[in-house]
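Summary of structural features
The chain contents come next:
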Amino acid sequence: MADIDSAKTTFERFDKDGDGFVTADEYREAMAAMGDLMVTGPVAEAVIAAKDTNGDKLLSFDEFWASLNK
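Starting afresh in each chain, residues are numbered from 1 along the sequence in its written order. Local features in this predicted model are restricted to residues of pLDDT 70 or higher, and side-chain atom pairs are both shown and tallied only at a pLDDT of 80 or more, whereas totals for entire chains, interfaces and linings draw on every residue. Only hydrogens and water are set aside when side-chain values are computed; all heavy atoms of the structure are taken into account.

**Remarks on the packing of aromatic side chains**
How we decide: Pairing of aromatic side chains here covers Phe, Tyr and the six-membered ring of Trp, requires ring centres within 6.5 Å, and sorts the geometry by plane angle: under 30 degrees stacked, over 60 edge-to-face, intermediate tilted. By definition, any uninterrupted DSSP run of H or I lasting at least four residues is a helix, any uninterrupted run of E lasting at least two residues is a strand, and each is numbered from the N terminus.
A complete count under the given rule lists five aromatic pairs for this structure. When the ring of F14 is compared with that of Y27, the centres are 5.3 Å apart and the planes differ by 15 degrees; the resulting orientation is stacked. Of the two residues, F14 is situated in helix α1 (residues 4-14) and Y27 in helix α2 (residues 24-33); the sequence distance between them amounts to 13 residues. On the basis of an interplanar angle of 50 degrees and a centroid distance of 6.3 Å, the ring pair of F61 and F64 is categorised as tilted. You can see F61 and its partner F64 sitting in helix α4 (residues 61-68), three residues apart, about one turn around the helix. Grouping aromatic residues by their ring pairs yields a cluster made of F11, F61, F64 and W65.

Here it is, written out as structure tokens:
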């Protein structure tokens, strides 16, 4: 099981605008900033879709947390 405080810190790194959701673009940009230039738009969309349980194309912290505890 993941540590919730560490998970919140990680989530905040991806949620660039601080609205409580991570978009595919935010995910792609964060990964590029961390040096992973292989995460393209379609890859980022697929990653978000895989964790997006309500289908709104946004990753909430609750969805992120649930994905860490599968």
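**Considering the packing of α2 against helix α3 (residues 41-51)**
Helix-helix packing is described using two parameters, namely the angle between the two axes and the distance between the axes. As a reminder of what qualifies: Every angle, taken between N-to-C directions, lies between 0 and 180 degrees, and every axis is a line fitted to C-alpha atoms, over only the stretch in contact when it is a helix. Two helices that cross are described as forming a left-handed crossing if the nearer one is turned anticlockwise from the farther one by less than a right angle, and a right-handed crossing if clockwise. In what follows, a contact means two residues having at least one pair of non-hydrogen atoms within 4.5 Å. Classes in brief: Ala, Val, Leu, Ile, Met, Phe, Trp, Tyr, Cys and Pro nonpolar; Asp, Glu, Lys and Arg charged; the others, Gly included, polar.
Close contact between α2 and α3 brings their axes to 8 Å; oriented N to C, the two are set at 115 degrees. Of the two possible hands of crossing, α2 and α3 adopt the one that is right-handed. Here α2 contributes A24, Y27 and R28 to the contact with α3, which in turn contributes G41, A44, E45, V47 and I48. For the contact of α2 with α3, the residue count by class is five nonpolar, one polar and two charged.

**Things to note about the side chain of D52**
Heads up, the rule is: Relative accessibility thresholds used throughout: buried, under 20% of the residue-type maximum; exposed, over 50%; partly exposed, between the two (1.4 Å probe, protein chains only). We count Lys and Arg on the positive side and Asp and Glu on the negative side, and we leave His and both chain ends out. What makes a salt bridge here is a side-chain nitrogen of Lys or Arg within 4 Å of a carboxyl oxygen of Asp or Glu, nothing more. We define a polar contact as two N or O atoms separated by no more than 3.5 Å, with the added condition that, inside protein, one atom must be a possible hydrogen donor and the other a possible acceptor, whereas residues neighbouring each other in sequence contribute only through side-chain atom pairs.
As for its placement among the helices and strands, D52 is situated in the loop between α3 and β2 (59-60). An unpaired buried charge is present at D52: no salt bridge exists, and K57, the closest side chain of opposite charge, is 8.2 Å distant. Polar side-chain contacts of D52 include one of 3.0 Å to the backbone nitrogen of D56. What D52 contacts, discounting residues up to four positions off in sequence, is K57, L58 and E63.

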